[in-house]
Amino acid sequence: MGRSHAEALRFFHQGHFDEAECSVLDLLREEPDHIGALNIYGAVLGKRRRWKEAIEIYERIFSLGGGSCELHHNVGNCFLSLGVNDKASDHFLKAIMYDENFLLSHINLGGISYLAGDFIRAAEWYRKACAIDPENFDANYNCAVSLEQAGQPDEALVFAEIAVKINPSRHDAITTISSILMKLERADEAVSILRRAISIYHGKPELHHELGGLYLQMDQYEDALRELSAASALSPDLARASATTRGGLHWMRRDFVEAENAFVSIIPDRLDGINIEVSSACNLKCPGCPRSVAVKDNAWNNHHMKSAAFRRIVEHLPSIHLCNLTWIGEPTLNPDLIDIVRIAKASRKFDVIQIITNAMVKDNDYYNELVSAGVDRLGVSLDSMDQDLAERTRSGTDFHRLIDAIFSMKSLDCIFFISYTLSKMNVHDMPTTLAALNNMGTYNVLIDFLSDYGAVDLRLDEDEMKSVHVMKDGFSEKYPNISISVSNQQNDKYCFSPLLMPAVSADGYLMPCCIGPHDATIMGRQNLVTTPYADIVEDEGFRNFVRSYLRQQPDFCRRCAYRQGKSDVH
């Protein structure tokens, strides 16, 4: 028995996971409660990205009385890989209770805090990791990045310089130093460090890309274009990012032909995201919603996208980071939705599949089916924890059913979040609602801002939105149980959404973005059910839209929360 256990362990450390699994399963057939064998089996499952099965094995070890810092750390890693960060944190903290100097759990807790936008707490975890191992690159580098994000550039620079001393060839640490120096208004030093690094580490496209960005900040456009072009030539992976930046640079300089060429060169191959309206029907009548306004004017058609049409659309799309199967309607009203999710998952074209629901239509068993079919992120719309206000902001909502759904859906095996939209109707209630959510448990909360289509302007103004961003810095201390992120405000003049994150209507037409109206003529009546996206990009109707958009903001942009008060002329 001992030799078989040692053999399984040897296979595992050699990376021979098939042999390790065979050996360990033989062991477990003879002795099902062999903790050592179960530990190896859980580790093998983790290496194979079978995280749910690994967690089941580790929980079995706990039930047998087993436990260690390494075991809790491994369970935490599995939950972290699944995006269940609250449970991951619990296990990393338990690992530290076994051994307060367990380095990797400190680093991972820093990472979870960073992802939640709590940069101060992240830096605290990384500082502790640096105290445990002062020569650890990851601890020093991540501490520098966290402090930079927390608005402490002087201290960030100290840790970044230590990271570079530990590993001088890490370009990410070098670019972090240059970024910090720019924030300290030491631009010449920032440029000098990057140019010196480029001369030492030839062929590092990331350094050219970073230097191009610095020149852009310094309004040295020719130098910026030179470095960005060098980055594109050296790395296909950076070609897209550099082309996007070059397109924006040409756009800023009003060189519209070059801007168009830069954008059109990249969008046939990859998009940042897409909003696909699987249903234009809805069971609610929310103030400010374009559907509510159109229904009132008898100018709306309810339509469910068929799974066959969706399959054709997916075949015609490029690879995309975020596929949001939600736009104006309620997606769960579509009887084909589960099949649609399966098609999206099987295509392997989307990094993340997301759905946002009002949670009024289906029960928890249905949401479980959606997750099993392939949903990675599931959001529920809730705009207040005050019953009267919640039902006014989303007319037709059953508040108690909504709260029950949130409690139930929290346990789903996906990234679950609350989609919280702020407007003049509910912004005064934000502290009360966040405090109530904090008392309910651990949740991810995404705060966005209403883009109003109604007769009465319910949008927050620019100052009100900025104040929410300012308040965000204190959210982690006031509401420690919930992870809150606030939607970023767009650049003062330039919005890339129609070029990099368009939308698709329920009948398959390409639309500019999630704010644009249901008007297929805007982008030349391009239908993705019948036409590949690569062909659409070359079509004159689409190119005419791009040319027009680069020169002047369309009328529909004025409805967007982020575009109010902006100049029509780009």
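In this text the structure is predicted, and so the values were computed from the model without any measurement. (Residues numbered from 1 in each chain as written. Predicted model: local features only at pLDDT ≥ 70, side-chain atom pairs only at ≥ 80, totals over all residues. Heavy atoms only, no water.)

Asks: Where do I start with the overall build of the protein in this structure?
Replies: Looking only at helices and strands, the protein features 28 helices and nine strands. For a compact globule of 570 residues, the expected C-alpha radius of gyration is about 25 Å, and the protein comes in at 26 Å, within 12% of that figure. Once the C-alpha set of the protein is aligned to its principal axes, its extents read approximately 75 × 60 × 45 Å. Looking at the protein as a whole, 52% of its 570 residues are labelled buried. At a minimum sequence separation of 6, the contacts of the protein that also span at least 24 residues come to 64%. Approximately 25400 Å² of the protein is accessible, and the part contributed by carbon and sulfur atoms is 48%. Side chains of the protein carry 57 positive and 78 negative charges; the gap between the two charge centres is 3 Å. (Helix = DSSP H or I, 4+ residues; strand = E, 2+ residues; numbered from the N terminus. Rg over C-alpha atoms; globule rule 2.2 N^0.38 Å. Buried < 20%, exposed > 50% of the residue type's maximum accessible area, 1.4 Å probe, protein only. Contact = heavy atoms within 4.5 Å. Areas by Shrake-Rupley, 256 points an atom, 1.4 Å probe, with all protein chains shown as cover. Lys, Arg positive; Asp, Glu negative; His and termini not counted. Charge placed at Lys NZ, Arg CZ, Asp CG, Glu CD.)

Asks: It is not clear to me how the layout of surface pockets should be interpreted in this structure. Could you clarify?
Replies: Using a probe with the size of a water molecule, rolled over the atoms, empty space left in the structure can be pinpointed. Taken as a whole, the second largest pocket spans an internal volume of roughly 390 Å³. Taken together, 19 residues make up the lining of the second largest pocket; nearest its centre are Ala299, Trp300, Pro517, His518 and Asp519. Residue composition of the lining of the second largest pocket, by class: 10 nonpolar, five polar and four charged. (1 Å grid on protein atoms, 1.4 Å probe; cavity = no way out; pocket = protein on both sides within 12 Å on 5 of 7 lines; lining within 4 Å. Points joined across faces, edges and corners; volume = space filled by probe spheres on them. Nonpolar A, V, L, I, M, F, W, Y, C, P; charged D, E, K, R; others polar.)

Asks: It is not clear to me how the state of the cysteines should be interpreted in this structure. Could you clarify?
Replies: The final tally for this structure, using the stated rule, is zero disulfides. We note that Cys282 lacks a disulfide partner, and the nearest cysteine sulfur, in Cys286, lies 6.0 Å from it. (Disulfide = S-S within 2.5 Å.)

Asks: Teacher, can you tell me more about the pairing of strand 6 (residues 443–449) here?
Replies: Two faces, one strand: in a regular strand the side chains alternate between the faces of the sheet. Only one face of strand 6 is buried: it carries Tyr443, Val445, Ile447 and Phe449, and the other face, with Asn444, Leu446 and Asp448, is open. Sheet topology note: the strand 5 (residues 415–422)/strand 6 ladder contains six bridges and is parallel. Residue pairing for strand 6: Ile418 is matched across the bridge by Val445. Where strand 6 lies against strand 7 (residues 482–486), five bridges are found, and the strand directions are parallel. Within strand 7, the residue paired with Val445 across the bridge is Ile484. (Pairing = 2+ DSSP bridges.)

Asks: How should the sheet that holds strand 8 (residues 503–504) be read in this particular structure?
Replies: Sheets are built from strands paired through backbone hydrogen bonds, the pairs being either parallel or antiparallel. Taken together, nine strands build an open sheet; the order of strands is 7-6-5-4-3-2-1-8-9 and the sheet is mixed. Among the strands making up the open sheet, the edge pair consists of strand 7 and strand 9 (510–511). Here five bridges tie strand 4 (residues 377–381) to strand 5, and the two strands are oriented parallel to one another. Bridged to Leu378 within strand 5 is Phe416.

Asks: Please clarify how the packing of helix 10 (residues 153–166) against helix 11 (residues 171–183) should be interpreted in this entry.
Replies: Where helix 10 contacts helix 11, the two axes come as close as 9 Å, and the packing angle between them is 155°. Judged by the angle between their axes, helix 10 and helix 11 are roughly antiparallel. Helix 11 is crossed by helix 10, and the crossing has left-handed handedness. On helix 11, the residues touching Pro153, Ala156, Leu157, Ala160, Glu161, Ala163 and Val164 of helix 10 are Ala173, Ile174, Thr176, Ile177, Ile180 and Leu181. Here the residues of the contact of helix 10 with helix 11 are counted per class, giving 11 nonpolar, one polar and one charged. (Axes fitted to C-alpha atoms, helices over the stretch in contact; angles between N-to-C directions. Parallel < 35°, antiparallel > 145°, perpendicular 65-115°, else oblique. Left-handed = near helix turned anticlockwise from the far one by under 90°.)

Asks: Any chance you could explain the packing of aromatic side chains here in plain terms?
Replies: For any pair of aromatic rings, the description rests on two quantities: the centre-to-centre distance and the angle between the ring planes. Tallying each qualifying case throughout the model produces 10 aromatic pairs. Ring pairing ties together the aromatic residues Trp251, Phe263, Phe496, Phe545 and Tyr549, which thus form one cluster. Directly above the ring of Phe11 sits Arg10, whose terminal nitrogen or CZ lies 5.0 Å from the centroid. (Phe/Tyr/Trp six-rings, centres within 6.5 Å; stacked < 30°, edge-to-face > 60°. Lys NZ or Arg CZ within 6 Å of the ring centre and 35° of its normal.)

Asks: Quick question: what am I supposed to make of the pairing of strand 5 here?
Replies: Within strand 5, seven of the eight residues are buried, leaving the element largely enclosed by the surrounding structure. For the crossover that starts at strand 5, traverses helix 23 (residues 430–440) and ends in the parallel strand 6, the hand is right-handed. (Right-handed = clockwise from strand over helix to strand, strands pointing away.)

Asks: When you look at the environment of Cys282 in this model, what are you seeing that I'm missing?
Replies: Looking at the element boundaries, Cys282 is found in the loop between strand 1 (270–276) and helix 17 (290–296). In sequence terms Cys282 and Asp448 are 166 residues apart; their C-alpha atoms lie 20 Å from each other. When near neighbours in sequence (up to four residues on either side) are disregarded, Cys282 contacts Arg291, Gly329, Glu330, Leu333 and Asn358.

Asks: What is the right way to look at the packing of helix 15 (residues 236–252) against helix 16 (residues 256–266) in this model?
Replies: What describes two packed helices is the angle between their axes and the distance between those same axes. At a closest axis distance of 8 Å, the pairing of helix 15 and helix 16 adopts a crossing angle of 160°. Overall, the two elements helix 15 and helix 16 adopt an arrangement that is roughly antiparallel. For the pair helix 15 and helix 16, the crossing hand works out as left-handed. For the pair helix 15 and helix 16, contact is made by Arg240, Ala243, Thr244, Gly247, Gly248, His250 and Trp251 and by Phe256, Glu258, Ala259, Ala262, Phe263, Ser265 and Ile266, respectively. A class-by-class count of the residues in the contact of helix 15 with helix 16 yields seven nonpolar, five polar and two charged.

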